[in-house]
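# Overview (structure and organization)
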Amino acid sequence: MILVPYLSIAQTKYETDFNKFLNDYDQYFGYLKERKIDIERIRNYYQDDVKTVSNKDEFISLMEIVINEFYNGHISLNTNISSSNNIIPTGADIYAVKDGQKYFISDLRKGFPAEISGLKKGMEIVKYNNQDISDAVKKFLPKSVDIYNQEMYQYAINMLLAGKRKTKRKITVLSKGKEEEFIIDNSDFKMYEALIEYKEVDDNTGYIKINNSLGNSDLIPAFDKALDSLFNLKTIILDLTETPSGGNTMVGRAIMGRFINKELPYQVHVFNEKPYSTVRKWIELASPREKIYKGNLIVMVGHWTGSMGEGIAIGFDAMKRGDVVGTKMAGLIGAIYILKMSNTGIGYSIPVEKMYHVNGTPREDFIPSFNTKNRDETYKKALEMSKN
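Treat the numbers as computed from the prediction; the structure is a model and nothing was measured.

### Topic: the side chain of Asp 224
Here Asp 224 is to be found in helix H7 (residues 219-229). Only 2.7 Å separates the side chain of Asp 224 from the side chain of Arg 289, close enough to count as a polar contact. Non-local contacts of Asp 224, meaning those with residues more than four positions away in its chain, are made with Arg 258, Arg 289 and Glu 290.

### What to know about helix H10 (residues 375-386)
Look at H10: 17 Å from first C-alpha to last across twelve residues, which is about the 16 Å you get at 1.5 Å a residue. Every buried residue of H10 is accounted for by Arg 375, Thr 378, Tyr 379, Ala 382, Met 385 and Ser 386. Down the axis of H10, the smallest arc covering the buried residues is 125°, so these residues share one side. In this structure Asn 374 caps H10, since a side-chain oxygen of it lies 3.2 Å from the backbone nitrogen of Asp 376.

### A look at the sheet that holds strand E14 (residues 335-340)
Across the sheet, four strands lie side by side as E11-E10-E15-E14; this open sheet has antiparallel pairing. In this open sheet, the two strands that pair with only one neighbour each are strand E11 (278-286) and E14. Strand-to-strand twist across the sheet, computed as the mean angle between neighbouring axes with direction ignored, equals 35°. Inspection of the sheet shows E14 paired to strand E15 (residues 347-356) by six bridges, in the antiparallel sense. Looking at the pairing, Ala 335 lines up with Glu 353 of E15. Together, E14 and E15 form the strand contacts of helix H1 (residues 13-28), whose direction differs from that of E15 by roughly 10°.

### Things to note about a nonpolar patch on the surface
Judged by side-chain polarity, Ile 283, Leu 285 and Val 358 come together as a nonpolar surface patch covering roughly 240 Å² of accessible area. Structurally, the position occupied by Ile 283 is in strand E11.

Definitions and limits used
Residues numbered from 1 in each chain as written. Predicted model: local features only at pLDDT ≥ 70, side-chain atom pairs only at ≥ 80, totals over all residues. Heavy atoms only, no water. Helix = DSSP H or I, 4+ residues; strand = E, 2+ residues; numbered from the N terminus. Polar contact = N/O pair within 3.5 Å; in protein donor to acceptor, adjacent residues only side chain to side chain. Contact = heavy atoms within 4.5 Å. Expected span 1.5 Å × (residues − 1). Buried < 20%, exposed > 50% of the residue type's maximum accessible area, 1.4 Å probe, protein only. Arc of directions from axis to C-beta. Pairing = 2+ DSSP bridges. Axes fitted to C-alpha atoms, helices over the stretch in contact; angles between N-to-C directions. Patch = residues over 30% accessible without salt bridge, like charges linked within 9 Å, V, L, I, M, F, W, Y side chains within 5 Å. Areas by Shrake-Rupley, 256 points an atom, 1.4 Å probe, with all protein chains shown as cover. Salt bridge = Lys/Arg side-chain N within 4 Å of Asp/Glu carboxyl O.

Pasting the structure below:
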């Protein structure tokens, strides 16, 4: 089937770009069926709003709302304005869950403003910026659906708590039956001092932590240096809990290649060539590289392990090279392509290729063999495992 672009007479440039965005998602988005996305229903819901847009900033604000219809952190614009929300998981430092009609803090990003403010895991959130949490979360729920599922709520609460860029957040929790307020200030926060951190934990165990740099090729020699310095130790703990932005397969394969002695499959790609009713499917391999570390490997993952970090984790699991310990990961769907709107020039990401573990299960559904509840528990478990 050949798709005919959605056009109408005398469209504004914003209407044209809005429709191109939806047409591209209709043609290329790999998860329409799985996520029950109805492109025409989205178009009908927002088309009157698009007609009222008079400038680019208003259009960006509207498209940021439209993106919530797809409820996944891998879908975003490549531009933002002062009122833009932080994207998840990269811009988030709180991971909350919905339990019944209540919301609880499940995890906190180590050393980030939310944790520094005094918030604790397990606290019940009752208000965000003085608004009842059940009302505040509605801002990020899809508008074109009749029934919300748990994944939609999960996306919405964590987008809400991520807050707007460089704006203070007030989070009210219920503590011992009383409300307590926490102010979170991101303004002076500096994220990382290095691409990677590493150390000897004890005489038998080395620790390597990657600081959200899986898209930076400079990480490869830095990782080699770290691994080589710990090479004679019995066990390596590889910490991927701070890789929310993902990266690229070259860097991922370079890391995996230091731990395998033969070429092995680590993930599966599926590309639906929708206009021609064909499917392209291939298995990606990791190859040995440099001096191979043959000791024990423990891989830490968490709520801030995204995209390529998730690919490395399922890769080590598929290759049966190391134990993966941690929470469910960020669940960023697919491998993304970047397309651009014709008039405004705004770029946007589309998860085009579906990603799978080599056992056939979706990457976003992966649960570590050694499952934990939060990052602190993950690190404790990894240390415990290193003693065995």
